[in-house]
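# What the coordinates show
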Amino acid sequence: VRRHLEQAPLLSVHALARTAGVSVASVSRMARKLGYPGFKEFKIGLARETPSPISTIYRAITPADSGRTVTRKVFAGNIQSLQDTLKILDIETFVRAARAMSKAERIVFVGIGSSGYVAQDAALRFMHLDMQAEACMDAYQMLVRAMQAGKKQIVVGISHSGRSLATVQALALARKNGATTIGISNYVKSPLRNVSHIFCCTAFREISVKSA
């Protein structure tokens, strides 16, 4: 793993074991010995600690930055987020979520604050695919909509921290009512995961702006 830091987060447990010439059980034991619940969590931790060549470009935006520098930082931040997400993304889980959503009668995206705008954008994109989709940003609206969710519907909760109370409560309620719930967060260990049938971890971040 230390010799192949950039490739290791992209490998499955079987591929890593085969490359290292050890058993799958040995890889799992290594992850647990390092303090992780399992190999998946180990890969996420490894990906977050692995430096990216583009990380030298990614910095907070400051008042002294030129227009060219600001543009480069914004693009670099998004590129790095995509690369980091690819490292930790569980493809099988991702495909499960996609298949479930393709069969749903309706998809409800919920999120608070900036996550709410992501939910709105997601709903719009699914509507362009001629699928029934909507977004809820208001806490009360989210809970009411979750109460109405049925077995043939999917409720997708989006929360950067995975701890937004309204989002977690909405998914818990929707799950109780029989709907399939999907959680999307930057943190694998979060309350949102506990109320999600399918949980996807990302590595997206907001570009910070330093004041004068």
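Let me sum up the structure you'll find in this document. Sequence order as written defines residue numbering, which begins from 1 separately in each chain. Given that this is a predicted model, residues contribute local features only at a pLDDT of at least 70 and side-chain atom pairs are listed and counted only at 80 or more, while totals for whole chains, interfaces and linings are drawn from all residues. For side-chain calculations, the full set of non-hydrogen atoms in the structure is used, while hydrogens and water are omitted.

Right, let's get into the overall build of the chain. Secondary structure elements are defined from DSSP: runs of H or I of at least 4 residues count as helices, runs of E of at least 2 residues count as strands, and each element is numbered from the N terminus. Along the chain, the regular secondary structure elements total 9 helices and 5 strands. What you see in the chain, going N to C, is helices and strands ordered as α-α-α-α-α-β-α-β-α-β-α-β-α-β. Overall, the C-alpha framework of the chain stretches about 50 × 50 × 30 Å when taken along its three principal axes. Per-residue burial for the chain yields a buried fraction of 41% across its 212 residues. Any pair of residues with heavy atoms lying within 4.5 Å of one another is described as a contacting pair. Long-range pairs, those at least 24 residues apart, make up 64% of the contacts in the chain between residues at least 6 apart in sequence. Throughout, the Shrake-Rupley method with a 1.4 Å probe supplies accessible areas, and for residues the shown protein chains are the sole cover considered. Approximately 12,500 Å² of the chain is accessible, and the part contributed by carbon and sulfur atoms is 57%. When the 29 basic and 13 acidic side-chain charges of the chain are each reduced to a single mean position, those positions are 8 Å apart. Working definition: with a 1.4 Å probe on protein chains only, accessible area under 20% of the residue-type maximum means buried, over 50% means exposed, and in between means partly exposed. A positive count includes Lys and Arg, and a negative count includes Asp and Glu. His and the chain ends are not counted in either. A charged residue contributes its charge at one atom only: NZ of Lys, CZ of Arg, CG of Asp or CD of Glu.

Okay, the pattern of salt bridges next. Whenever Lys or Arg places a side-chain nitrogen within 4 Å of a carboxyl oxygen from Asp or Glu, that contact is recorded as a salt bridge. On inspection of all chains with the given rule, the structure shows 7 salt bridges. Residue aspartate 90 is joined to lysine 40 by a salt bridge in which the shortest nitrogen-to-oxygen separation is 3.2 Å. One end of the pair, aspartate 90, is in the loop between α4 (67-88) and α5 (91-103); the other, lysine 40, is in helix α3 (residues 39-49), and 50 residues separate them in sequence. A relative accessible area of 35% means that lysine 40 is categorised as partly exposed. Between aspartate 121 and arginine 125 there is a salt bridge whose closest N-O contact spans 2.8 Å. Here arginine 125 and aspartate 121 lie together in helix α6 (residues 114-128), a separation of 4 residues that amounts to about one turn.

So, on to the sheet that holds strand β3 (residues 153-158). We treat two strands as partners when DSSP finds at least two bridges between them. Ordered by their spatial adjacency, 5 strands build an open sheet running β2-β1-β3-β4-β5, and the pairing between neighbours is parallel. Each end of this open sheet is capped by a strand with a single partner; those strands are β2 (133-136) and β5 (198-201). In this sheet, adjacent strand axes meet at a mean angle of 20° when their direction is disregarded. Bridge analysis of strand β1 (residues 106-110) against β2 gives 4 bridges, and the strand direction is parallel. Across the sheet, the residue bridging to phenylalanine 109 is alanine 135, located in β2. Against the sheet, helix α8 (residues 165-176) contacts β1, β3 and β4 (180-185), and its axis sits at roughly 160° relative to β3. Structural elements are reduced to axes, namely lines fitted to C-alpha atoms, with helices fitted over the stretch in contact, and the angle between N-to-C directions of any two is expressed from 0 to 180 degrees.

Take glutamate 41: it is sitting in helix α3. In this structure glutamate 41 comes out as buried when scored by relative accessible area, which is 14%. One polar contact links the side chain of glutamate 41 to the main-chain amide nitrogen of glycine 38, over a distance of 3.2 Å. In this structure, glutamate 41 is in contact with Tyr36, Val188 and Arg193, ignoring residues within four places of it in sequence. Two N or O atoms form a polar contact when they lie within 3.5 Å of each other; inside protein one atom must be a possible hydrogen donor and the other a possible acceptor, and for residues adjacent in sequence the pair counts only when both atoms belong to side chains.

The next subject is α8. The span one expects for a helix is its residue count, reduced by one, times 1.5 Å. Across its 12 residues, α8 extends 16 Å between first and last C-alpha, which sits within 8% of the 16 Å expected from 1.5 Å per residue. Among the residues of α8, Ala166, Thr167, Val168, Ala170, Leu171 and Ala174 are the ones counted as buried. Residues of α8 that are buried sit in contact with β1, α7 (139-148), β3, β4 and α9 (191-194). With its phi angle positive at about 100°, glycine 178 sits one or two positions after the end of α8.

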